[in-house]
Amino acid sequence: MDISILLEFIVVLAAIFLGVRLGGIGIGYVGGAGVLVLGLVFGMKPGNVPWDVILIIGSVIAAIAAMQLAGGLDYLVRIAEGILRRNPKQINYLAPVVTYALTLFAGTGHTAFSMIPVIVEVAKEQHIRPCVPLSIAVVASQIAITASPVSAAVIYMSGVLEEFGWSYPLLLGIWIVTTFVACMLTAFVMTLISKMDLDSDPVYMERLAKGLVKAPNAGERPALLPHAKLSVLIFLLGVIFVVLYASAISPAVGIIDPVIVPRDAAIWSVMFIIATLISFCCKIDVSKIGSSSVFQSGMIAVICVFGVAWLGDTFVSNHSNEIKELAAGTVSQYPALLAVVFFIAAMLLYSQAATAKAITPAIVAALGITAANPGDSYMLVASFAAVSALFVLPTYPTLLGAVQMDYTGTTRIGKWVFNHAFFLPGLIAIVFSVVLGFLAVGLF
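Described in the following lines is the structure provided in the data block. Just so you know, these numbers come straight off a predicted model, no measurement behind them. (Residues numbered from 1 in each chain as written. Predicted model: local features only at pLDDT ≥ 70, side-chain atom pairs only at ≥ 80, totals over all residues. Heavy atoms only, no water.)

### Let's talk about the overall build of the protein chain
In terms of helices and strands, the protein chain carries 19 helices and zero strands. Relative to the globule expectation of 22 Å for 444 residues, the C-alpha radius of gyration of the protein chain, 22 Å, shows essentially globular dimensions. Within the span of the protein chain, comprising 444 residues, buried residues form 53% of the whole. Here the protein chain has roughly 19000 Å² of accessible surface; of this, 69% comes from carbon and sulfur atoms. Each charge sign in the protein chain was given a centre, from 21 positive and 22 negative side chains, and these centres are 11 Å apart. (Helix = DSSP H or I, 4+ residues; strand = E, 2+ residues; numbered from the N terminus. Rg over C-alpha atoms; globule rule 2.2 N^0.38 Å. Buried < 20%, exposed > 50% of the residue type's maximum accessible area, 1.4 Å probe, protein only. Areas by Shrake-Rupley, 256 points an atom, 1.4 Å probe, with all protein chains shown as cover. Lys, Arg positive; Asp, Glu negative; His and termini not counted. Charge placed at Lys NZ, Arg CZ, Asp CG, Glu CD.)

Here it is in structure tokens:
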């Protein structure tokens, strides 16, 4: 490896490390600063800003924030909580089902925040270490991004793959089935190998002895807002329309041809229509949307994707030839290595969509994938779930939230940073997803 490339890569890693230390929106700030260093010191041309990804995230968050203000998220949480409390002994399986479904519906893993306290309480009541269902549930909320019809990652990757003959409905079907089954298999494995008994956890027993463990919160929850169910219905109908429209314009389906409104523009428009309908029909105060927790976390995600994806694209686009040579010589011989590339990139780029956008074009060019020669495109379909490796560094918001909200102390980060509660279930889930992905694409 050329010394200059090594130094440039060190700059990228240093920027990401500093961003992780800052936390939250800080990784976006430092990502932008890293672009300037690469440009001024190493003469690298700034990469492309992923505006399509940013705008999809922004528009979806705008619609979800309106639904939250109308009480829709509270309604969904009530449903999920009821499922968990009716079947408490199956929490290791039901917790990831709930968080997976919420992410699939909303297109953002931040919906898992609302379920973390419920999972902790139900697990504690059953004397199960909360870290077991929590870790699986948080991982499931990340994996589901690669199957959600309204996530920026799925919209981008399906747009790329449609050019090679993969229809949007088929891709959605493959990704939903393989990732969901992978999450359930992960829950099964983790239930077998994990220490489940809460009363044997030394940290919990120490907190219990000191009186630091709170009693379960059995207090009454506030009443739902009058238009909560209506807001969920409006959002659900919007998501269904997105799926139907995206399928109709897919070249393999061809119901709408020529395509006047592309998929990205359709999603932006539909999300704004959803927000408008919720605002009028549910009579919400739109001036409060900017202060909602969903809107704030979503805008933080936008800045993070802006900075870190821009940094990643700057490095990748300036070394596209080297990456093509490496990919052509290895990935073509060992297709599963593409999943490893996605995995490592996601660990650094901190976003499923940003990872897909930074790596996919180079892989497509390196393997010579074209509409006329789509042969190796199956690798991208099968390996897509590996872009969900945001759990490797224990700094992602939902991971930190789970650690902080598990007052029993069973969900913790080890001394070596990587030995935390989420690493093993996350790794297992991605391995299962990719293996099942390769098996699934072999059928088509």
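### Focus on the packing of aromatic side chains
Tallied over the entire structure, the rule returns 10 aromatic pairs. For the pair F9 and F315, a centre-to-centre distance of 5.6 Å together with 45° between the ring planes defines the contact as tilted. Here F315 lies in helix α13 (residues 293-318) and F9 lies in helix α1 (residues 3-22), a separation of 306 residues in the sequence. On the numbers, 6.1 Å between centres and 15° between planes, the contact of F241 with Y245 is stacked. Taken together, the residues span about one helical turn, with F241 and Y245 both in helix α11 (residues 228-248) at a distance of four residues. We classify F241 as partly exposed; its relative accessible area is 45%. For Y245, a relative accessible area of 15% corresponds to the buried category. Following the ring pairs from residue to residue traces out a cluster consisting of W51, F306 and W310. (Phe/Tyr/Trp six-rings, centres within 6.5 Å; stacked < 30°, edge-to-face > 60°.)

### A few points about the environment of V177
Inspection of the secondary structure assignment puts V177 in helix α9 (residues 168-193). Taking the C-alpha atoms as reference points, V177 and A147, 30 residues apart in sequence, are found 8.6 Å from one another.

### Section: the packing of helix α2 (residues 26-42) against α13
To describe two helices that pack against each other, one gives the angle between their axes and the distance between the axes. One can describe the packing of α2 onto α13 by two numbers: an axis separation of 6 Å at closest approach and a directional angle of 30°. Between α2 and α13, the interaxial angle falls into the category roughly parallel. The element α2 and its partner α13 pack so that their crossing is left-handed. Residue-level inspection shows I27, G28, Y29, G31, G32, G34, V35 and L38 of α2 in contact with α13, the latter providing I303, C304, G307, V308, W310, L311 and T314. Here the contact of α2 with α13 is composed, by residue class, of nine nonpolar, six polar and no charged. (Axes fitted to C-alpha atoms, helices over the stretch in contact; angles between N-to-C directions. Parallel < 35°, antiparallel > 145°, perpendicular 65-115°, else oblique. Left-handed = near helix turned anticlockwise from the far one by under 90°. Contact = heavy atoms within 4.5 Å. Nonpolar A, V, L, I, M, F, W, Y, C, P; charged D, E, K, R; others polar.)

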